Amino acid sequence: MPGGPLDVGLALQPHKRGGGDPTWRRTPDGAVWRTSRSPDGPCTLRVSVKAGTVHGQAWGPGAGWALETLPALLGADDDLSGFTVRHEVLAEAARRHPGALRIGRTGRVMEALVPAVLEQKVVGQEAWRAWRWLLGRYGEPAPGPAPEGMRVVPEPEVWRQIPSWHWHRSGAEAVRARTIATAAWHAAKLEAAATTQELDRLLRALPGIGVWTSAEVRQRAFGDPDAVSVGDFHLAKLVGYALTGEKTDDPGMLRLLEPYAGHRHRATVLVWLSGLRPPARGPRMSVRDYRSF
């Protein structure tokens with residue numbers, strides 16, 4: 001298991017897609033449940049901590065894979081060498097959340113890619129609503145004694161065959177639907193990528209996938225500590241405000257993150273956890289509903 005402090009909820013939080021995510025649950029006993037489509041098939045994983053020891057249980061055809069890869073999921077393969085906190089705001093966030101420095105990896109590309117595409121250029125609630133609808137309609141029931149309503153992401157061929165009217169009912173418009181379907185045709189090649197650099201090249205060669213989507217996928221599938229979500233609606237403003245007291249844009253954010261080269265995503269995680277937010281001014285992005293269009 002990873003060395004140093006470990007917060008299971010914090011380690012697995014990046015894989016949760018909003019409230020009611022059918023692939024992620026935290027039960028009252030503190031355990032985190034997560035489903036995945038492993039190379040061996042669907043699986044359900046339960047992770048808990050008792051007396052400082054991590055306990056994992058898994059069910060389904062992919063149960064063995066889930067337990068074998070659990071250390072990596074919790075950040076055991078993460079390399080913090082070369083990372084030095086250079087701002088007091090980030091240092092304070094690291095002190096308050098000692099487990100935040102560890103970035104885990106799932107090793108599964110499509111299950112990170114689909115929700116990332118759904119989140120392109122829309123507010124989270126809109127994307128998460130579509131994610132829940134699609135998983136409810138096309139996902140498989142979670143194996144084992146999982147909490148009620150948990151589902152496993154569909155296989156790539158299922159994503160390719162979803163009809164246009166069901167994409168519409170989910171609230172995802174045609175552009176995002178085409179992007180997901182196209183990526184599903186190349187799923188085997190994407191899943192076989194050996195490095196985060198190779199995956200970045202493969203992803204960005206596909207229509208509809210740019211820097212932001214690639215970074216969001218590589219953060220989760222490969223645990224890439226340097227994959228910055230350039231183009232995010234909020235991130236540059238948050239980084240600028242946390243580190244300088246003033247909002248900035250993407251080029252300004254990248255300049256501020258230069259001291260953290262190799263760990264720029266890790267630094268932005270601490271920015272999020274700092275809790276510092278610029279004063280809200282101007283209109284916010286509204287939640288749209290493509291089902292009514």
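For clarity, every value in this text was computed on a predicted model and none was experimentally measured.

Rules used throughout
- Residues numbered from 1 in each chain as written.
- Predicted model: local features only at pLDDT ≥ 70, side-chain atom pairs only at ≥ 80, totals over all residues.
- Heavy atoms only, no water.
- 1 Å grid on protein atoms, 1.4 Å probe; cavity = no way out; pocket = protein on both sides within 12 Å on 5 of 7 lines; lining within 4 Å.
- Points joined across faces, edges and corners; volume = space filled by probe spheres on them.
- Helix = DSSP H or I, 4+ residues; strand = E, 2+ residues; numbered from the N terminus.
- Nonpolar A, V, L, I, M, F, W, Y, C, P; charged D, E, K, R; others polar.
- Buried < 20%, exposed > 50% of the residue type's maximum accessible area, 1.4 Å probe, protein only.
- Pairing = 2+ DSSP bridges.
- Core = buried A, V, L, I, M, F, W, Y, C linked by side-chain atoms within 4.5 Å.
- Contact = heavy atoms within 4.5 Å.
- Polar contact = N/O pair within 3.5 Å; in protein donor to acceptor, adjacent residues only side chain to side chain.
- Axes fitted to C-alpha atoms, helices over the stretch in contact; angles between N-to-C directions.
- Parallel < 35°, antiparallel > 145°, perpendicular 65-115°, else oblique.
- Left-handed = near helix turned anticlockwise from the far one by under 90°.

## Observations regarding the layout of surface pockets
- Volume-wise, the second largest pocket comes out at about 200 Å³.
- In terms of lining, the second largest pocket is formed by 13 residues, of which the most central are Arg-218, Asp-224, Asp-226, Ala-227 and Arg-264.
- Listing elements by their share of the lining of the second largest pocket, those giving two or more residues are helix H11 (196–204) and helix H12 (211–221).
- The dominant element in the lining of the second largest pocket, judged by the number of residues it contributes, is H11, at four residues.
- Residue composition of the lining of the second largest pocket, by class: five nonpolar, two polar and six charged.

## With respect to unusual backbone geometry
- For Ala-51, which is not glycine, the phi torsion reads 50° and is therefore positive.
- Note that Ala-51 resides in the loop between strand E3 (41–50) and strand E4 (53–59).
- On the accessibility criterion, Ala-51 (87% relative accessible area) is exposed.
- The phi angle at Lys-121 is positive, at roughly 55°, despite the residue not being glycine.
- Mapped onto the fold, Lys-121 is located in the loop between helix H5 (110–118) and helix H6 (124–138).

## A short note on the pairing of strand E2 (residues 32–38)
- The element E2 is largely enclosed, with a buried count of seven among its seven residues.
- Where burial is concerned, the two faces of E2 agree: the one with Val-32, Arg-34, Ser-36 and Ser-38 and the one with Trp-33, Thr-35 and Arg-37 are both buried.
- Across three bridges, the pairing between strand E1 (residues 24–26) and E2 is antiparallel. What sits directly across from Arg-25, in E2, is Trp-33.
- Between E1 and E2, which follow one another and run antiparallel, lie five residues, and Gly-30 among them has a positive phi close to 90°.
- What sits between E2 and E3 in their antiparallel hairpin is a turn of two residues.

## A short note on the nonpolar core
- Within the largest apolar cluster, 35 residues are counted, with the highest numbers of intra-cluster contacts made by Leu-113, Leu-118, Trp-159, Leu-190 and Val-217.
- Residue assignment for this core shows that the elements contributing at least two residues are H5, H6, helix H9 (174–185), helix H10 (187–191), H11 and H12.
- No other element matches H5, which puts seven residues into this core.
- Every residue in contact with Trp-159, bar those within four places of it in the chain, is listed here: Met-110, Val-114, Trp-131, Leu-134, Leu-135, Pro-154, Trp-167, Ile-180, Ala-181 and Ala-184.

## Looking at the environment of Glu-92
- Relative to the assigned elements, Glu-92 resides in helix H4 (residues 88–96).
- Taking the relative accessible area as the measure of exposure, Glu-92 reaches 32% and is therefore partly exposed.
- As for Glu-92 and Leu-273, which are separated by 181 residues in sequence, their C-alpha atoms are 9.6 Å apart.
- Looking at Glu-92, its side chain comes within polar contact range of the side chain of Arg-95, at 3.0 Å.

## Digging into the packing of H5 against H9
- Running from amino to carboxyl end, H5 crosses H9 at an angle of 165°, the nearest separation of the two axes being 9 Å. When the axis of H5 is compared with that of H9, the two are roughly antiparallel. Relative to H9, the crossing made by H5 is right-handed. When H5 is examined against H9, the residues Met-110, Leu-113, Val-114, Val-117 and Leu-118 are found in contact with a partner set consisting of Arg-176, Thr-179, Ile-180, Ala-183 and Ala-184.
- Here the residues of the contact of H5 with H9 sort into eight nonpolar, one polar and one charged.

## Observations concerning the environment of Pro-141
- As for its position among the elements, Pro-141 is in strand E5 (residues 140–141).
- In the structure, Pro-141 is positioned 106 residues away from Thr-35 in sequence and 9.6 Å away in space, judged by C-alpha atoms.
- Other than its neighbours up to four places away in sequence, Pro-141 contacts Met-150, Arg-151 and Val-152.

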